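Read off the chains here:
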Amino acid sequence: QVQLVESGGGLVQAGASLRLSCVDSGRTDITYHMAWFRQVPGKERAFVAAISEGGEFTDYAEKGRFTISRENGKNTVYLQMNSLKPEDTAIYYCAAGSVGGSTSRWYDYWGQGTQVTVSS
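Participant: Before we move on, could you go through the sheet that holds strand β1 (residues 4-7) and cite the residues and values that matter?
Facilitator: An order of β1-β3-β8-β7 is seen for the 4 strands of this open sheet, with the pairing classed as antiparallel. Each edge of the sheet is formed by a strand with only one pairing partner; in this case those strands are β1 and β7 (66-71). Direction aside, the axes of adjacent strands within the sheet are offset by 15° on average.

Right, dumping it as structure tokens:
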């Protein structure tokens, strides 16, 4: 069973960087497409970035500041976030699924989320 655990969130000032990590502590015999989404209170979960099961394809809601990567040998996916802005403040969720892409319903497994807060 897939068990996703995110870490790396925190409180930072605008312009700072953070790297989020997501570890699959469950089964390791299947490699999934992975993604990061984020959510603020009162709004739907929004797509941030996705990476294919082999890591050869990536997709972003906004190109330039964020980079998604993965280490399949460690069952870990990362989200490097640079030049953070107050509007990046949200709970960031890691997701895994057999079908990738930017739509949340295509993902079968979700982590509990990690809070990112960017102060101005």
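Participant: Now, about the nonpolar core: what can you tell me, with residues and values included?
Facilitator: Met34, Trp36, Ile68, Leu79, Met81 and Tyr92 are the most contacted members of the largest nonpolar core, which has 25 residues in total. Elements that contribute at least two residues to this core include exactly β3 (18-24), β4 (33-39), β5 (46-51), β7, β8 (76-81), β9 (90-97) and β11 (114-119). Here this core takes 4 residues from β9, the largest share from any one element. By size, the runner-up hydrophobic cluster in this structure holds 6 residues, among which are Phe37, Ala50, Ala95 and Tyr107.

Participant: Mind laying out the packing of aromatic side chains, listing which residues take part and the relevant values?
Facilitator: According to the stated counting rule, one finds 5 aromatic pairs in the structure shown. Aromatic pair Tyr32 and Tyr109: ring centres 5.6 Å apart, planes at 70°, arrangement edge-to-face. Here the residue Tyr32 occupies a position in the loop between β3 and β4, and Tyr109 occupies one in strand β10 (residues 109-110), the gap between them amounting to 77 residues. Assessed through its relative accessible area of 9%, Tyr32 is described here as buried.

Participant: Describe the pattern of salt bridges, naming the residues involved and giving the relevant values.
Facilitator: Scanning the model with the defined rule gives 4 salt bridges in all. Among the ionic pairs, Asp88 bridges to Arg65, the shortest N-O distance being 2.7 Å. You can see Asp88 sitting in the loop between β8 and β9 and its partner Arg65 sitting in the loop between β6 (58-60) and β7, a full 23 residues away along the chain. For Asp88, a relative accessible area of 1% gives the class buried. Taking relative accessible area as the criterion, Arg65 reaches 11% and is therefore assigned buried. Taken together, the shared-partner salt bridges connect Arg38, Glu62, Arg65 and Asp88 into one network.

Participant: Please set out the side chain of Thr114 residue by residue, giving values where relevant.
Facilitator: Along the chain, the position of Thr114 falls in strand β11. Within the structure, Thr114 has its side chain in polar contact with the backbone nitrogen of Gly9 (distance 3.2 Å). Among all residues touching Thr114, those that are not within four sequence positions of it are Glu6, Ser7, Gly8, Gly9, Leu20, Ala90, Ile91 and Tyr92.

Rules used throughout
- Think of each chain on its own: its residues are numbered from 1, step by step along the sequence as written.
- Selection of residues for local features in this predicted model requires a pLDDT of at least 70, selection of side-chain atom pairs for listing and counting requires 80 or more, and totals for whole chains, interfaces and linings are taken over all residues.
- Excluding hydrogens and water, the side-chain values take into account all heavy atoms of the structure.
- Two strands qualify as a pair provided DSSP detects at least 2 bridges between them.
- The secondary structure listing takes helices from DSSP runs of H or I that are at least 4 residues long and strands from runs of E that are at least 2 residues long, numbered from the N terminus.
- Working convention: axes come from line fits to C-alpha atoms, limited for helices to the stretch in contact. Angles between N-to-C directions cover 0 to 180 degrees.
- Nonpolar cores were defined as sets of buried Ala, Val, Leu, Ile, Met, Phe, Trp, Tyr and Cys residues, with membership established by side-chain atoms within 4.5 Å.
- Accessibility here uses a 1.4 Å probe with only protein chains present; expressed as a share of the type maximum, an area under 20% marks a residue as buried, one over 50% as exposed, and anything in between as partly exposed.
- Whether two aromatic rings pair depends on their centres lying within 6.5 Å, for rings of Phe, Tyr and Trp, where Trp uses its six-membered ring; planes under 30 degrees apart make the pair stacked, over 60 edge-to-face, and the rest tilted.
- Within this document, salt bridges are pairs made up of a side-chain nitrogen of Lys or Arg and a carboxyl oxygen of Asp or Glu, the two lying within 4 Å of each other.
- Here a polar contact is recorded for every N or O atom pair within 3.5 Å, except that within protein the pair must consist of a potential hydrogen donor and a potential acceptor, and residues adjacent in sequence are included only if both atoms are side-chain atoms.
- A contact between two residues is defined here by any heavy atoms of the two lying within 4.5 Å.

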